[in-house]
Amino acid sequence: MFSNSITKLFKIEYPIIQAGMVWASGWKLASAVSNAGGLGIIGAGSMYPPVLREHITKCKQATDKPFAVNLPLMYPDIDNHIETIIDLNVPIVFTSAGNPKTYTSFLKSKGITVVHVVSSSLFAQKAEAAGVDAVVAEGFEAGGHNGREETTTFVLIPLVKQAVKIPIIAAGGIATGRQMLAAMVLGSDGVQIGSRFVCTPEASSHINFKEKVIAAKEGDTLLSMKKHVPVRLLKNKFFEEVHSAELNGADINTLQQLLGKGRAKKGMFEGDLEEGELEIGQVSALINEIKPAAEIVNEIWQDFSAALQKPIESM
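Residues numbered from 1 in each chain as written. Predicted model: local features only at pLDDT ≥ 70, side-chain atom pairs only at ≥ 80, totals over all residues. Heavy atoms only, no water.

**Student:** So what's going on with helix 10 (residues 207–215)? Which residues, and what values?
**Tutor:** What helix 10 keeps buried is the set Phe 209, Lys 210 and Val 213. Projection of helix 10 onto a plane perpendicular to its axis shows the buried side chains occupying an angular sector of 100°, all on one side. Structurally, helix 10 contributes buried residues whose contacts are with helix 9 (195–198), strand 11 (231–234) and helix 13 (263–269). (Buried < 20%, exposed > 50% of the residue type's maximum accessible area, 1.4 Å probe, protein only. Helix = DSSP H or I, 4+ residues; strand = E, 2+ residues; numbered from the N terminus. Arc of directions from axis to C-beta. Contact = heavy atoms within 4.5 Å.)

As C-alpha cells, then:
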C-alpha cells in the first residue's frame with residue numbers, strides 16, 4: 001500500500017489527480033477517477049451554480065471516495081459556487097487563476113482542504129503564505145491557460161521544491177507512469193493529469209475533440225493569446241487567425257474580439273474543430289486512444305510501479 005503526503009492529505013490510494021478541466025471534467029469523470037483510487041476533480045469554471053450543484057450531488061451518489069472541485073478565482077459568480085461547495089460538504093477545493101489569499105482561510109475554516117495552482121516558485125511561496133495545504137506546480141507544457149513565465153515542468157518542480165515546505169503536485173506534460181516517476185524524483189509528491197483524462201468515455205467533452213486529441217502529433221499545440229491570457233491550443237482555423245493577428249502586432253482588444261464569447265465551449269464541448277478553442281497539452285502527442293478513466297489510473301500506476309523497480313532501461 002503506497003503512502004505519502006498526498007495520499008494522506010486527500011485520503012486516496014494513489015497520488016494521481018485528474019485535473020479540473022472546463023467542458024471535460026464533470027461528475028462522471030471525477031467519480032470514475034476517485035473510484036479507481038485517484039482524486040477526481042469537477043471543473044467548476046464552465047458551470048453555472050445550479051449545474052455545479054447537480055454535478056456535486058451526482059458525484060456523491062456515484063462514489064463514496066474523496067473528490068474535489070476546481071474553482072477558478074476569477075469566476076464571475078464565485079460566491080454562489082463557494083456556497084454550493086460548503087452546503088454540499090465538498091472535502092477538497094483546488095483554486096486557480098487568482099489570489100489564494102482571498103478565499104483560502106475562509107474555506108479552511110469550513111474544514112475544506114485547499115490546493116492552489118501555481119506556475120512559478122514565487123507564486124508557490126505566496127500560496128504557502130496564504131495557508132494552502134498543497135500546491136499544483138504546472139509547467140509550460142500543460143494545456144489550457146498557462147503562466148507567463150513559460151517555465152517547463154522539469155525546471156519548475158525542483159524550483160518549487162526549494163521554495164516551499166508544503167506538498168507539491170506536478171502538472172504539465174504528464175500522461176504515463178514513467179513521467180510520473182520522473183516528476184516525483186524531481187521533488188513532487190504526486191501528479192495532476194489533464195489531457196489524458198480528456199480521452200475517456202466519461203469526459204464530457206465532445207467526441208470530435210477527443211478524436212482530434214488522439215490524432216495530435218508533436219508540435220500540434222502552441223501557446224497563444226500571450227498578450228491577453230496565455231493558453232495552449234491545438235492548431236486549427238481559429239488558432240491560425242489568432243496566430244496571424246499576433247504576428248501582425250494585435251493588441252489585447254483585438255485578441256479579445258477574436259476570442260469573443262463561448263469559444264472554448266464551441267470547440268471542446270460542441271465539437272466545432274475549426275472555429276472552436278481547443279485547449280490541450282503537448283502530451284497529446286503521446287495519447288493514442290480513448291479508454292475508460294479507471295483503466296488509465298491503473299495503467300499509470302502499474303507503469304509507475306514498474307519504472308520504480310527498473311528506472312533505467314538497459315540496452
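On we go.
**Student:** Report on the packing of helix 11 (residues 237–247) against helix 12 (residues 252–259), specifying residues and quantitative values.
**Tutor:** Contact pair helix 11 / helix 12: the axes reach a minimum separation of 11 Å and the direction vectors enclose 170°. With respect to each other, helix 11 and helix 12 are oriented roughly antiparallel. Contacts between helix 11 and helix 12 involve Phe 238, Glu 241, Val 242, Ala 245 and Glu 246 on the former and, on the latter, Leu 255, Leu 258 and Leu 259. Broken down by class, the residue content of the contact of helix 11 with helix 12 amounts to 6 nonpolar, no polar and 2 charged. (Axes fitted to C-alpha atoms, helices over the stretch in contact; angles between N-to-C directions. Parallel < 35°, antiparallel > 145°, perpendicular 65-115°, else oblique. Nonpolar A, V, L, I, M, F, W, Y, C, P; charged D, E, K, R; others polar.)

**Student:** Any chance you could break down the layout of surface pockets for me, citing the residues and the numbers?
**Tutor:** In this structure, the second largest pocket encloses a volume near 160 Å³. Of all the elements, helix 14 (residues 293–309) adds the most residues to the lining of the second largest pocket, at 3 residues. (1 Å grid on protein atoms, 1.4 Å probe; cavity = no way out; pocket = protein on both sides within 12 Å on 5 of 7 lines; lining within 4 Å. Points joined across faces, edges and corners; volume = space filled by probe spheres on them.)

**Student:** An account of the sheet that holds strand 10 (residues 221–224) is requested, with residue identities and associated values reported.
**Tutor:** Read from one edge of the open sheet, 3 strands run 7-11-10, paired in antiparallel fashion. The sheet is open, and its two edges are formed by strand 7 (144–145) and strand 10, each paired on a single side. As judged from the 4 bridges shared by strand 10 and strand 11, these two strands associate in the antiparallel manner. Residue pairing in the sheet places Leu 222 in a bridge with Leu 233 of strand 11. Contacting strand 10 and strand 11, helix 11 crosses the sheet at an angle of about 50° to strand 10. (Pairing = 2+ DSSP bridges.)

**Student:** Now, about the pattern of salt bridges: what can you tell me, with residues and values included?
**Tutor:** Evaluation of the coordinates by the stated rule reveals 10 salt bridges. Measuring nitrogen to oxygen at the nearest pair gives 2.9 Å for the salt bridge that ties Glu 54 to Lys 58. A residue pair is termed a helical-turn pair when its members lie 3 or 4 positions apart in one helix, as Glu 54 and Lys 58 do in helix 3 (residues 49–62) at 4 residues. Classification of Lys 58 by relative accessible area gives partly exposed; the value is 31%. The residue Lys 291 makes a salt bridge to Glu 299 at a minimum N-O spacing of 2.6 Å. Note on Lys 291: relative accessible area 11%, which makes it buried. By relative accessible area, Glu 299 is classed as partly exposed at 32%. (Salt bridge = Lys/Arg side-chain N within 4 Å of Asp/Glu carboxyl O.)

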